[in-house]
Amino acid sequence: MNSTLQHYNELKQALNAHAHRYYVLDAPLISDAQYDTMYQELEELEREHPEWVSGDSPTQRVGGAVLEEFNSVRHGQAMLSIKTQTDSEESGAKSFDDRIRKELSLTQSEQSVQYVAELKFDGLAINLTYLNGVLVRAATRGDGTHGEEVTQNVRSIMQIPIQLMAPKGGLPIPEWLEVRGEVYMRRADFDRLNLRQQEKISQGLKNEKTFVNPRNAAAGALRQLDSKIAAQRKLSFFAYGVGAVRAKALNALGINYSHAELQTALDALTQDEAASRVELSLNELRAMGLSSHWEVLNWLKGLGFPVATQTQCVEGVEGLVDFHERMGRERMSLPYDIDGVVYKVNRLDWQLQLGFVTREPRWAVAHKYPPQEQFTTVLGIEVQVGRTGKLTPVAKLAPVFVGGVTVTNATLHNEDEALRKDVRVGDTVIVRRAGDVIPEIVGVVLEKREVQSAPFEMPKRCPICESPALREPGQVDHRCTGELFCSAQRMQAIWHFASKRAMNIEDLGEKLIEQLVQTDTIKTVADLYRLGLSSLMVLERMAEKSASNVLKSIESSKATTLARFLYALGIRHVGESTAKDLAKHFGSIDAIMNATAQQLLEVRDVGPVVAMSVVAFFAQPHHRELIEQLRALGVHWQEVQIDLDAVKPLQGMTYVITGTLNGFSRDQAQDRLESLGAKVASSVSKKTTAVIAGAEAGSKLEKAQALGVPVLDEEAFVALLARHQTQEMD
Ligand code: IVH
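Residues numbered from 1 in each chain as written. Predicted model: local features only at pLDDT ≥ 70, side-chain atom pairs only at ≥ 80, totals over all residues. Heavy atoms only, no water.

1. Some remarks on unusual backbone geometry
The phi angle at Asp-422 is positive, at roughly 45 degrees, despite the residue not being glycine. In this fold, Asp-422 is placed in the loop between helix H13 (415–421) and strand S17 (428–432). Of note in the backbone geometry, Asn-504 takes a positive phi value of approximately 55 degrees without being a glycine. Within the secondary structure, Asn-504 is located in the loop between helix H14 (487–498) and helix H15 (510–518). The exposure class assigned to Asn-504 is partly exposed, which follows from its relative accessible area of 32%. (Helix = DSSP H or I, 4+ residues; strand = E, 2+ residues; numbered from the N terminus. Buried < 20%, exposed > 50% of the residue type's maximum accessible area, 1.4 Å probe, protein only.)

2. Regarding the pattern of salt bridges
Any two side chains of opposite charge can pair, so long as their charged atoms come close to each other. Within the structure shown, the criterion is met by 36 salt bridges. Of the charged contacts in the structure, one is a salt bridge between Glu-382 and Lys-396, with a shortest N-O distance of 3.9 Å. Highlighted residues: Glu-382 in strand S14 (residues 373–385) and Lys-396 in strand S15 (residues 390–402), separated in sequence by 14 residues. For Lys-679, the salt bridge identified is with Asp-605, shortest N-O distance 2.8 Å. Of the two residues, Lys-679 sits in strand S24 (residues 679–681) while Asp-605 sits in the loop between helix H21 (597–601) and helix H22 (608–619), which places them 74 residues apart along the sequence. (Salt bridge = Lys/Arg side-chain N within 4 Å of Asp/Glu carboxyl O.)

3. Digging into the nonpolar core
What tends to happen in soluble globular proteins is that the nonpolar side chains get buried as a cluster. Leu-528 and Leu-582 are the most contacted members of the largest nonpolar core, which has 54 residues in total. Contributing elements (two or more residues each) for this core: H14, H15, helix H17 (544–556), helix H18 (562–568), helix H19 (576–586), helix H20 (589–593), H22 and helix H23 (621–632). It is H18 that provides the largest number of residues to this core, a total of 6 residues. Dropping the residues within four chain positions of it, Leu-528 is found in contact with Ile-494, Phe-497, Ile-505, Leu-508, Ile-522 and Ile-554. Formed by 43 residues, the second largest nonpolar core is a distinct cluster that contains Val-154, Ile-160, Phe-211 and Ala-239. (Core = buried A, V, L, I, M, F, W, Y, C linked by side-chain atoms within 4.5 Å. Contact = heavy atoms within 4.5 Å.)

4. Things to note about the packing of aromatic side chains
Following the criterion strictly, the structure yields 17 aromatic pairs and no others. With a centroid separation of 5.3 Å and 40 degrees between ring planes, the pair formed by Tyr-8 and Trp-52 is classed as tilted. Here Trp-52 lies in the loop between helix H2 (32–48) and strand S1 (72–74) and Tyr-8 lies in helix H1 (residues 5–23), a separation of 44 residues in the sequence. Like Tyr-8, the residue Trp-52 is buried in the burial classification. When the centroid spacing of 5.2 Å and the interplanar angle of 15 degrees are considered together, the rings of Tyr-184 and Phe-238 count as stacked. With Tyr-184 in strand S7 (residues 176–184) and Phe-238 in strand S8 (residues 236–246), this residue pair connects regions lying 54 residues apart in the sequence. Here a set of aromatic residues connected by ring pairs shows up, and it is made of Phe-121, Tyr-184, Phe-238 and Tyr-336. (Phe/Tyr/Trp six-rings, centres within 6.5 Å; stacked < 30°, edge-to-face > 60°.)

5. Some words on the site of the ligand
Around the ligand sit 14 residues, and of these Ile-82, Glu-118, Leu-119, Glu-182 and Tyr-240 come closest. A distance of 2.8 Å separates a nitrogen atom of the ligand from a polar atom in the side chain of Glu-118. Here an oxygen atom of the ligand and a side-chain polar atom of Tyr-240 are 2.7 Å apart. Coverage of the ligand by the protein chains reaches 86% of its 510 Å² of free accessible surface. Of all elements in the fold, only strand S3 (114–121) and strand S10 (338–345) reach the threshold of two or more residues within the shell around the ligand. Classifying every residue of the shell around the ligand by side-chain character gives 9 nonpolar, 1 polar and 4 charged. (Near = heavy atom within 4 Å. Polar contact = N/O pair within 3.5 Å; in protein donor to acceptor, adjacent residues only side chain to side chain. Areas by Shrake-Rupley, 256 points an atom, 1.4 Å probe, with all protein chains shown as cover. Nonpolar A, V, L, I, M, F, W, Y, C, P; charged D, E, K, R; others polar.)

6. Regarding the state of the cysteines
This model, assessed by the stated rule, comprises 0 disulfides. Cys-465 provides the cysteine sulfur closest to Cys-480, a residue in no disulfide bond, and the two sulfurs are 3.6 Å apart. (Disulfide = S-S within 2.5 Å.)

7. Observations concerning the side chain of Ser-467
Among the structural elements, Ser-467 can be located in the loop between strand S18 (440–444) and strand S19 (469–470). Beyond its immediate chain neighbours, meaning those up to four positions away, Ser-467 contacts Arg-461, Cys-462, Cys-480, Thr-481, Gly-482 and Phe-485.

8. Observations regarding the sheet that holds strand S25 (residues 690–693)
Pairing within the open sheet is parallel, and its 4 strands lie in the order S24-S23-S25-S26. The sheet is open, and its two edges are formed by S24 and strand S26 (711–712), each paired on a single side. Strand direction decides the pairing type here: strand S23 (residues 654–658) and S25, joined by 4 bridges, are parallel. Across the sheet, the residue bridging to Val-656 is Val-691, located in S25. Along the sheet face, helix H24 (residues 666–675) touches S23, S24 and S25 and points at about 165 degrees away from the line of S23. (Pairing = 2+ DSSP bridges. Axes fitted to C-alpha atoms, helices over the stretch in contact; angles between N-to-C directions.)

9. A short note on the sheet that holds strand S9 (residues 312–315)
On the basis of which strands lie adjacent, the open sheet formed by 5 strands has the order S2-S13-S10-S3-S9 and mixed pairing. On the outer flanks of this sheet lie strand S2 (83–85) and S9, each paired with one strand and no other. On average, each strand axis in the sheet is inclined to that of its neighbour by 35 degrees, with strand direction left out of account. Direction of pairing for S2 relative to strand S13 (residues 364–368): parallel, over a ladder of 3 bridges. Following the sheet pairing, Gln-85 is matched in S13 by His-367. Strand contacts of helix H10 (residues 293–303): S3, S9 and S10, with the helix running at about 50 degrees to S3, the strand carrying the most contacts. Where helix H11 (residues 316–330) meets the sheet, it contacts S3, S9, S10 and S13, and its direction lies at approximately 135 degrees from that of S9.

10. Regarding a negative patch on the surface
A cluster of acidic residues, Glu-90, Glu-318, Asp-322 and Glu-325, forms a negative patch on the protein surface. At 3 residues, H11 tops the list of elements feeding residues into the negative patch. With respect to the helices and strands, Glu-325 occurs in helix H11. (Patch = residues over 30% accessible without salt bridge, like charges linked within 9 Å, V, L, I, M, F, W, Y side chains within 5 Å. Lys, Arg positive; Asp, Glu negative; His and termini not counted. Charge placed at Lys NZ, Arg CZ, Asp CG, Glu CD.)

Have a look at this one:
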């Protein structure tokens, strides 16, 4: 083995370069095993020659030291903040551009200003100090002039170079360089961390907690005194600018660039000197031949830093508005949180000219998005009973505007989830609503909890009918055992039976069903077909006209299809598409009623859970009786023809419909597609054939674009139907 210092240095450099390819460029050249072998060799050399080890060795990333507290250190150049603009898209960008043009004395006719548009990452600002290309210090922003030294923790962030790369033919690396950027946690890493934390808590580890959001978790990791723990909490990094820069040619400070000397020199600086240094740094960059922020970012990329790929050079207000709008849409599909975008004047000479107001540069502004998280209080926890008897705890919230809507409810799903989140009445909680995802409580602000509050308890009895509520072994849900004795379940069962895609009894609204059930006028869905004018007219707000409309729509629901009827019965796990598959396969209700689990399993997409549920449903005599009653009352369906050979033109295709179509309701569009053999799904995946996007399509459209799933507008959709409809007819 070659154990010269030169070999050691080459090995170290190679390992750093491979880490960069793997973590920053996402384009590794060697396998993990090859990397490990090289790494082990480095470790061995370091064991033999401990005197060789320095901060730029990959072995120094793993951490080890446990600190008592963090040192306060002075930044080489103040860390500024940015002015925030929250106005609507157009005016936010416009007023910034107007101000810039005015300060630069540009006339109307002069060309538009070029900006760099960046994401505003929702993490923590960090200042990285490199001396002669080696990372010697990392500090948090602190008060802007002094921050906390968190070097050991930051070294564990694999995306941050510990040794700068010198691109061939590129600029020389300045002896002293501060790189500014954001340390953040990816959502996936955050979820994994919280799962791990949850496990620790359930194992009884006292001092562990879960985190409310990635930003919070990133802050916790950076401020870990035990660097080994910090290293386990996968953090990421994006560079967005530079601080102090001293190239040899303009060595204004006259220091030797050792870590200790840097510290002394910094402490000796007066406020005035510190303030003038922003200008100095900009001039250093310009002397190096960099004339724009865009060039600076590219230079940083070449040194080994990750720069967000979304970062863009744009022209004038239109460019800014466009970027803000586009990122607002793409925000949900990013793997990390952003809370806005940042606009920066591109030209460095203009940045110099524009200068600063107090602690903010005039050349940059942050344009925020409406918050996706808000604080609110829990007014109560209500337990709701669903159609199948499932008990769901729901937190009632003081109304709060978040993610573009007012939220008053958030589901806690089930007992485990409610206890895991430990949400209590009176708690201050963080509510999150991202995209069109249902709102959720992400965490409780424990500091604000009232002392006398008690943990949530799942009721032992159904809150509606008081039958015992049971949670079967291995199940997460509690269920009311009252079945159709429970008016909540009865009501929901009837509501489902009458719903549009089931029996489609148009004039039978929710309020009316509620009254019918509460007054015991109807007990089962069969009773619907026994209703007469007189029994309806005694109800509130029921005149003869509306009562007879109700009867008419009940009457016309009698003629239906087997699939609709089957779906209307509300058999657990039998949704619309399963009902269609069953109807097609068996052809008659009697065949389905008498099918064994084995026979049911032969149906496309039917698994053991569905099969068992169907068998269990028809094993109950009162269900069979109900079906007989319905038949006797005149409910009938066109028995479907079993034609196994007929392959429909869109068989095997899956579509997702989003946005508003002009010529079709959602249901109509779905029916048309299904009649051609296609399936219609509610969420987009790689398997989706195409997304049909009407006006104001939102996140589903974005997801399709992100996954490369084809998108059809209404015109293309109509053409698709026309193409296949004719085929159907011949
Ligand atoms: S530039 C001179 N760019 O926003 C302007 N800041 O600054 C200095 N932030 O906590 C900051 N993304 O960490 C800049 N692309 C970006 C940013 C960004 C996030 C954070 C920064 C600081 C806050 C205000």
